[in-house]
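Understanding the architecture of this molecule
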Amino acid sequence: MTTDSLTAAKGLPGNAYKTDHARRYDDTIRRVIPGYDALHSMTGVLLRDAIPDDGRILVVGAGTGAELLALGEMGPQWRFTACDPAPDMLAVARERLAGHPVEARAALHACITDDLPAGETAFDAATCLLVMHFLPDDGSKLALLKSIAARLKPGAPLILADMHEDPASERWQRILRAWAGWQKTNGIDPVMVERGLEHVRRSVHFVPRARMEALFDEAGFEPSMDFWHAFQFGAFLTRRKAEAAA
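A brief report on the enclosed structure follows. (Residues numbered from 1 in each chain as written. Predicted model: local features only at pLDDT ≥ 70, side-chain atom pairs only at ≥ 80, totals over all residues. Heavy atoms only, no water.)

1. A word on the pairing of strand 4 (residues 125-129)
Regular strands show a simple pattern: their side chains alternate between the two faces of the sheet. Counting buried positions over the 5 residues of strand 4 gives 5, a clear majority of the element. In strand 4, alternate side chains face the same way, and those of Ala125, Thr127 and Leu129 on one face and Ala126 and Cys128 on the other are all buried. Judged from the 4 bridges that link them, strand 1 (residues 56-60) and strand 4 form a sheet pairing that is parallel. What sits directly across from Val59, in strand 4, is Thr127. For strand 4 and strand 5 (residues 157-163), the ladder comprises 4 bridges, and the chain directions are parallel. Residue Thr127 lies in a different strand from strand 5, and its bridge partner there is Ile159. Between the parallel pair strand 4 and strand 5, the chain is carried across by helix 5 (residues 140-149), and the sense of this crossover is right-handed. (Buried < 20%, exposed > 50% of the residue type's maximum accessible area, 1.4 Å probe, protein only. Helix = DSSP H or I, 4+ residues; strand = E, 2+ residues; numbered from the N terminus. Pairing = 2+ DSSP bridges. Right-handed = clockwise from strand over helix to strand, strands pointing away.)

2. As for the sheet that holds strand 1
Read from one edge of the open sheet, 7 strands run 3-2-1-4-5-7-6, paired in mixed fashion. The open sheet is flanked by strand 3 (106-109) and strand 6 (225-230), the only strands paired with a single partner. On average, each strand axis in the sheet is tilted by 15° relative to the strand beside it, whichever way the strands run. Each of strand 1, strand 2 (79-83), strand 3 and strand 4 touches helix 3 (residues 66-74); the most contacted strand, strand 2, lies at about 170° to it. (Axes fitted to C-alpha atoms, helices over the stretch in contact; angles between N-to-C directions. Contact = heavy atoms within 4.5 Å.)

3. Details of the pairing of strand 2
Here strand 2 lies mainly inside the structure; 4 of its 5 residues are buried. The pairing of strand 1 with strand 2 spans 5 bridges and is parallel. Among the inter-strand pairings, Val59 is bridged to a residue of strand 2, identified as Ala82. Read from strand 1 through helix 3 to strand 2, the crossover connection turns out right-handed. Direction of pairing for strand 2 relative to strand 3: parallel, over a ladder of 4 bridges. Each residue of the ladder has a partner; that of Phe80, found in strand 3, is Ala106. Chirality of the crossover, the property in question, places the unit of strand 2, helix 4 (residues 87-97) and strand 3 among those that are right-handed.

4. Description of the packing of helix 5 against helix 8 (residues 209-219)
Between helix 5 and helix 8, the shortest axis-to-axis distance is 9 Å and the interhelical angle comes to 45°. Comparing the axis directions of helix 5 and helix 8 gives the class oblique. The hand of the helix 5/helix 8 crossing is right-handed. In contact with Lys141, Leu142, Leu145, Lys146 and Ala149 of helix 5, helix 8 contributes Leu215, Phe216, Glu218 and Ala219. By residue class, the composition of the contact of helix 5 with helix 8 is 6 nonpolar, no polar and 3 charged. (Parallel < 35°, antiparallel > 145°, perpendicular 65-115°, else oblique. Left-handed = near helix turned anticlockwise from the far one by under 90°. Nonpolar A, V, L, I, M, F, W, Y, C, P; charged D, E, K, R; others polar.)

Bear in mind that shape data such as this cannot, by itself, settle questions of function.
Written as structure tokens, this is what we have:
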């Protein structure tokens, strides 16, 4: 997962993470997102039901490697190509993977999906967890989904987790208040909670659930299935259509 501001050149999360921030990330994220570890384990269970034992998985937004470690243990023969445009986050991921059995099965690239090596295609599955909500709905969200679809086999699953909601609704305001309260009960300083909320208001580009489905369809994916939800966070399983969008 990458939660940085958008880079002007590419419109994707970029490298403003400093090493100390990256190292604190894993502790903080578990006190910010309810069910963060459950999201990874549920993703693994769904993938085990959908792809071969030796399947190839594209991980978009590898972050500090928590997802790779979780999935690597659940699929001991799966092979991973992981990308993230934040080198400091990937440096932490490489440290965490060092000496772990998944290290030999994971290739890490400090780039966005579009800049992966040409041969990195025909994946059996892809994940994109907690990344796309940082992209504006000005063609950037759609471009990311199309880029993923182009690298998947027809029928291959995509598991995507995102913050989504209608920011003009009263429901969204209630959810934000509840989320702030949950973070405080998990020991996060109220000042830091408010800073986090300001970051979300400033940097997260929310779209309603119906718009998420329209983006999936336009990018070349089938209708999705919800499988995880926590406040404004949600996760979906979809599959690449037989013919992905051009």
